[in-house]
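A look at the structure
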Amino acid sequence: MDIFSYIGHADPQYIESLYQQYRSEPGSVDPEWGKFFEGFDFAALLNGSAGISRDEFKVYNLIRAYREKGHLIAKTNPLRPRRDRNAQLGLQELGFTEKDLDRKFVAGGFCGMENATLRAIIDHLQKAYCQHIGFEFSSITDPEEKKWIIDKIEQQAKDMQFSPEKKKRILRKLNETVVFEQFLDKKFIGQKRFSLEGGESTIPALDAIINKAAEYGVEEFAIGMAHRGRLNVLANIMGKTYEQIFNEFEGNVMPDTTMGDGDVKYHLGYSSQVETTEGKLVHLKLTPNPSHLEAVNPVTQGFVRAKADVLYDEDWDKLLPITIHGDAAVAGQGVVYELLQMSNLSGYRVGGTLHFVINNQIGFTTDFSDARSSDYCTSYASTVKAPVIHVNGDDAEAVVFAVEMAVEYRQDFNKDVFVDMVCYRKHGHNEGDDPKFTQPLLYALIADHKNPRELYIEKLLQSQSIDRDIANEMETDFWDELQKRLDSVKQKPLPYTYQPSEENWRKLRKFVEADDFHISPNTDVPAERVQQILKRMYDVPADFHVLKKVQKLYKTQQELAAAGKVDWAMAELLSYGTVLADGHDVRMSGQDVRRGTFSHRHAVLRDEKNDAEYIRLNFIADKQGKFRIYNSLLSEFAVLGFEFGYSLASPENLVIWEAQFGDFANGAQTIIDQFIAASLSKWQRMSGLILLLPHGYEGQGPEHSSARLERFLQLSAEQNLVVVNCTTPANFFHVIRRQLAWDFRRPLIVMSPKSLLRHPLVQSPIEELSKGKFRELIDDPYADKKKTKRVLLCSGKIYYDLLEKQQSEKIKNIAIVRVEQLYPFPIKQLALLLSSYTNHPELIWVQEESRNSGAWQYVFNILFAQNIRCISRDASASPATGFAKQHAKEQEEIIQQALTL
C-alpha cells in the first residue's frame with residue numbers, strides 16, 4: 001500500500017506528529033511523506049483543532065487520482081464511447097458520497113481551489129483532465145517536469161483561449177486539408193493517395209508545431225512519416241507545388257526530378273523553406289520513406305543528429321525532429337521501442353522528438369483490440385518517462401493546444417513527448433479498398449460523421465467567431481485555385497536557400513558509370529604525416545593510467561611500426577586519423593566499437609584507476625576533424641537506420657557502422673534493403689555510409705561466420721553499392737580513404753576480418769600507405785605465369801589458407817588471385833590480368849561459404865563465359881556447421897581440392 005492509500009486510513013495524531021518532525025528535520029521522514037508535506041499547507045489543515053479530518057487527505061488523493069487516471073475517461077474518441085479501463089474515479093470509489101459534494105475542503109488548494117466545495121473541485125478536475133484532451137504523465141518522476149505539466153493543464157488546458165486570428169488560421173488550414181482531399185478524390189478517381197480524411201486536424205497541428213517551435217528558436221524541422229496523409233503534408237505544410245503533385249498523379253514526371261526507378265508519390269521526400277506567422281524563415285525536411293512502417297524514424301533522427309553536430313554545434317533547441325506514426329505501427333513495430341531507448345544516450349540524443357500519432361483506430365483491416373495488449377498504442381512511452389497527450393481529432397483547437405504544449409515541453413526539457421490524436425480513417429486502407437468488409441459497424445458511424453472542418457465551422461458560428469459566408473468563400477476560392485493549377489497555371493515554387501551540407505551534396509555527382517570503379521583515385525598520404533599520426537596515436541597523457549594489457553599491445557604495435565609495418569588495427573586507425581587530419585569528421589557506432597569486439601581497436605582508453613576516458617584519435621593533429629565513436633545499445637535496425645540518416649546530412653565526413661558480428665546485420669535487413677541499397681534509385685539520396693561486417697569461417701558456428709555476402713551482391717546494381725573483401729591492411733586503409741576521395745558517394749560494404757586481425761601474414765609495409773591507391777585485384781607474385789595451369793579466384797580470409805598450402809608445398813603452377821572488390825566487379829582488370837597467364841589456365845572460384853551462399857552465384861553470372869567452376873562447401877540451409885572438427889574437415893577439403901591438379 002503506498003502513502004496515498006495509507007493516509008486515508010492513518011491516525012491523524014500520528015500524521016500530525018510526523019508533520020512536526022518534517023518541519024524540524026525534513027530529511028528525517030520518508031521521501032514520499034516529504035513530498036506530501038512540501039506541497040500541502042498542512043498548518044492550515046490543522047486550523048487550531050485537536051484532530052485532522054481524514055476527508056482532507058481523501059480530497060488530496062482524489063486530486064492525485066484525476067491527475068494520474070483522468071485520461072482513462074477523457075472524451076478523446078470522436079466516434080464511439082471509450083473502452084472501460086476501470087479508472088475508479090467515481091465518488092464512492094474515492095471515499096465520498098453525494099452528501100459530501102457541497103462540503104468545503106482546504107485540500108482543494110492542491111489544485112488551486114482552496115476552501116472550495118468538493119463539487120467545484122471535481123468540476124475543475126474534470127474540465128482539466130477529462131474533456132477532449134487526456135494527459136498521461138504519471139511515469140515522470142522529475143518534480144519540476146511534473147509541476148510544469150500540472151500547471152499547464154490546470155491553468156491553461158481547462159479554459160483554452162485562442163485569438164480570432166489564430167482561429168481563422170486553424171480554419172484556413174482545415175479548409176486547405178479538406179478541399180485538397182476532396183479535389184483529388186474527384187479529379188483522380190480510384191487512384192491511391194492514402195488520404196488524410198478523418199484525420200484532417202493533422203495539418204493545423206503541424207502548422208501550429210512549426211509556428212510555436214519557431215517562437216522557441218527552432219530553425220529546422222525534420223519530419224519522418226508513413227504514407228497516410230503524406231500528399232497533404234507535402235502540399236499544405238511543406239509547400240510542394242500542386243502542379244508537381246498533379247503531374248505525379250498524371251504520370252508526367254518533371255524533368256530532373258527522378259533518376260533510377262523512382263517511387264510512388266506518397267513515398268517521396270521534400271525540402272523547403274517556409275515563413276512562419278511571426279515572419280521567421282525555417283527549413284523543413286520530409287524524409288523519403290518506404291512502406292515499411294516506422295523504418296524511417298531512425299533515419300530522420302540520424303539526419304537531425306548530423307545537423308546538430310555539424311551545423312548547429314549541438315544546440316538541440318534549433319532543430320526539432322517530428323515523427324508521425326500510425327497507431328497500429330507505433331504499437332507493433334519494435335524499431336519504435338529501440339529508438340526510444342536511444343533517445344537519452346549520448347551517441348544518439350537529438351534533444352527530444354515530438355511524436356504525433358494519427359490514431360485512426362485501425363491497422364489496414366485489424367481492430368485496435370487485436371493490434372495491441374496495452375491500454376494505448378503509445379503505452380511504452382512510459383519506458384523513457386515521456387508524457388503522452390491524448391486528444392480528440394474532431395476538436396481542432398484541442399489538437400492545436402496539445403501540440404503547442406508538446407513543443408513547449410520539448411524545448412524546455414529536451415525530451416521526447418507524444419501527442420496521440422484519436423481520429424478515424426474515412427476510406428479503407430487505400431481509396432480502392434472497401435472497409436465495410438471487416439468493420440461494418442464502425443464505418444456506418446463514419447459515414448454519418450461530420451469532418452473536423454465542418455465541426456469547427458459550427459463551433460465558430462455558435463461562438464460568433466466567424467461568418468458563414470466567409471467559411472463558404474474560403475472553400476470556393478481554394479477549390480478554384482486548385483482547378484487553375486490542375487489546368488497548368490504555373491505555381492511558383494517557394495524560394496530556397498541551400499545549407500552548407502546541401503551545397504556539398506550539390507558539388508558531387510549522382511550519375512556514375514562502371515568505368516568510375518575500374519581505377520581508384522589516389523588516396524596516398526605523405527610519409528611524414530603517417531609517421532606523425534602514428535606517433536600521436538600512442539602518446540597518452542603522463543597522468544593517464546593505461547591497462548597493462550593495452551600497454552603490451554602498444555609496445556608490440558610500436559615495434560612493428562619500427563620495423564616498417566602495420567597490422568590491421570593500426571591501418572584502420574591510421575585511415576581515420578588521416579581523414580581527421582584532412583579536416584573531416586569521423587563518426588563510428590555499433591556494439592562494442594570503442595574497444596572492438598575482437599579487442600583490436602582500442603580507440604577509447606579507460607584509466608584503470610579512475611575510469612576516465614581518452615579518445616586517441618582526437619589528439620593526432622593540431623587542427624583536425626572530430627572523432628566521434630559510440631558503443632551502441634543492442635540494436636541493429638534502429639542504429640543502422642540512424643547512421644544512414646546521419647550520412648545523408650554529412651557528405652564530407654566518414655560515417656561508419658560496425659556489426660558486432662557480420663551475421664547480425666540481418667537484424668537491420670529492412671534498412672539495408674529499403675534505404676542503403678535502393679534509396680539512390682528510388683529517392684535520389686546518395687550516402688557514403690560504411691558498413692564493417694566481421695566475416696569469415698573460424699569454426700565458431702552458424703551465427704558467427706557469415707555476414708551474408710550474397711545478399712549484398714544480390715542487391716547490387718546500377719553502381720548503387722561498393723562491396724569489398726580486403727586481404728591487406730594497406731588495401732583497407734585505401735578503401736576507407738577512397739570514400740571521400742571520390743567526387744560521388746556510395747555506401748561501402750566491407751566484409752571485415754576476425755582471425756586476420758592477428759594473423760602474422762596480415763601486415764603491410766608502411767610505405768604502401770604513402771604510395772598508390774586501393775587495388776581492386778591483387779595478382780599472385782609467387783606463381784610462374786608461363787607454367788600456371790589453374791588460376792584460383794578468391795576473396796578475404798580463405799586466401800591465407802590457400803597461401804599457406806601453396807607456399808609450404810611450393811606450388812608454382814597454381815596461381816591465387818585476390819578479388820578485393822566484388823562489386824562493381826573489376827572485369828576489365830581481370831581480363832587484362834588473365835591475359836598475362838600464357839598457358840590458358842582453367843579458372844576456379846574458391847570460397848569458404850556454402851555453394852548457395854557467398855559470392856559464387858554472383859561471380860558465375862559475370863564469368864560464366866570463362867567456363868569458371870566453383871570449389872566450396874556444399875549447399876546448406878545454415879551458414880556453417882556448429883562443430884569445430886567438422887568445420888576443420890570441410891575447410892581442409894576445400895584447400896586440398898583447390899590446390900590439387
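Because the structure is predicted, anything quoted here is derived from the model rather than measured.

With respect to the packing of aromatic side chains
Within the structure shown, the criterion is met by 25 aromatic pairs. Judged by centre distance (5.9 Å) and plane angle (65°), the rings of W148 and Y409 are edge-to-face. Linking W148 in helix α7 (residues 143-155) with Y409 in helix α15 (residues 396-413), this pair joins segments that are 261 residues apart in sequence. Across this residue pair, the class does not change: W148 and Y409 are buried. Seen in terms of ring centroids, Y538 and Y554 are 4.9 Å apart; in terms of plane orientation they differ by 85°. Their pairing is edge-to-face.

Quick word on unusual backbone geometry
Between Y823 and P824 the backbone carries a cis peptide bond, its omega angle lying at -10°. As for its position among the elements, P824 is in the loop between β26 (821-823) and α29 (827-835). A positive phi angle, near 60°, is found at E314, a position not held by glycine. For E314, the position within the fold is in the loop between α12 (296-310) and β7 (319-326). A residue is classified by how much of its surface remains accessible, and E314, at 35% relative accessible area, is partly exposed. Located in the positive-phi region is Q684, a residue other than glycine, with phi close to 60°.

Notes on helix α31 (residues 884-898)
The first and last C-alpha atoms of α31 sit 21 Å apart over 15 residues, in line with the 21 Å expected at 1.5 Å per residue. Looking at the buried side of α31, the elements it contacts are β24 (790-794), α28 (798-808), β25 (814-819), β27 (842-850) and β28 (869-873).

Examining the sheet that holds β27
Taken in spatial order, the 5 strands make up an open sheet running β23-β25-β24-β27-β28, and their pairing is mixed. Sheet topology places β23 (777-778) and β28 at the edges, where each strand pairs with a single neighbour. In this structure, β24 lies alongside β27, joined through 4 bridges in parallel fashion. When the sheet's bridge partners are listed, V791 is paired in β27 with L843.

Quick look at the nonpolar core
Grouped together as the largest cluster of nonpolar side chains are 98 residues, with contacts concentrated most on L62, I121, Y129, F135, I153, F221 and F356. With residues up to four places along the chain from it excluded, the contact list for I121 reads V59, L62, I63, F105, G108, C111, M113 and A116. With 78 residues, the next largest nonpolar core counts V530, V586, C726 and V762 among its residues.

Topic: the side chain of T76
Looking at where T76 falls in the secondary structure, it is placed in the loop between α5 (54-69) and β1 (104-105). A distance of 3.1 Å separates a polar atom in the side chain of T76 from a polar atom in the side chain of R82. Setting aside residues no more than four positions away along its own chain, T76 makes contact with R82, Q131, H132, I133, G134, H390, V391, N392 and V422.

Structural notes on the pattern of salt bridges
Within this structure, the stated rule accounts for 51 salt bridges. Between E572 and R601 there is a salt bridge; the shortest N-O distance is 2.9 Å. With E572 in helix α22 (residues 568-581) and R601 in the loop between β14 (586-590) and β15 (604-606), this pair connects stretches of sequence that are 29 residues apart. Comparing E572 with R601, the two get one shared label, buried. Where salt bridges share partners, they join D55, K58, D100 and R103 into one cluster.

Observations concerning the confidence of the model for the protein
Detailed reading of the predicted coordinates is not advisable wherever pLDDT falls low. When pLDDT is averaged along the protein, the result is 90; 92% of the residues meet or exceed 70. In this model residues 1-5 is a low-confidence stretch, pLDDT under 50, and it forms 10 contacts with partners more than four residues away in sequence or in other chains. Confidence over residues 46-51 falls short of pLDDT 50; this stretch has 6 contacts with residues more than four positions distant or in other chains.

Cut-offs applied
- Residues numbered from 1 in each chain as written.
- Predicted model: local features only at pLDDT ≥ 70, side-chain atom pairs only at ≥ 80, totals over all residues.
- Heavy atoms only, no water.
- Phe/Tyr/Trp six-rings, centres within 6.5 Å; stacked < 30°, edge-to-face > 60°.
- Helix = DSSP H or I, 4+ residues; strand = E, 2+ residues; numbered from the N terminus.
- Buried < 20%, exposed > 50% of the residue type's maximum accessible area, 1.4 Å probe, protein only.
- Expected span 1.5 Å × (residues − 1).
- Contact = heavy atoms within 4.5 Å.
- Pairing = 2+ DSSP bridges.
- Core = buried A, V, L, I, M, F, W, Y, C linked by side-chain atoms within 4.5 Å.
- Polar contact = N/O pair within 3.5 Å; in protein donor to acceptor, adjacent residues only side chain to side chain.
- Salt bridge = Lys/Arg side-chain N within 4 Å of Asp/Glu carboxyl O.
- pLDDT = per-residue confidence, 0-100.

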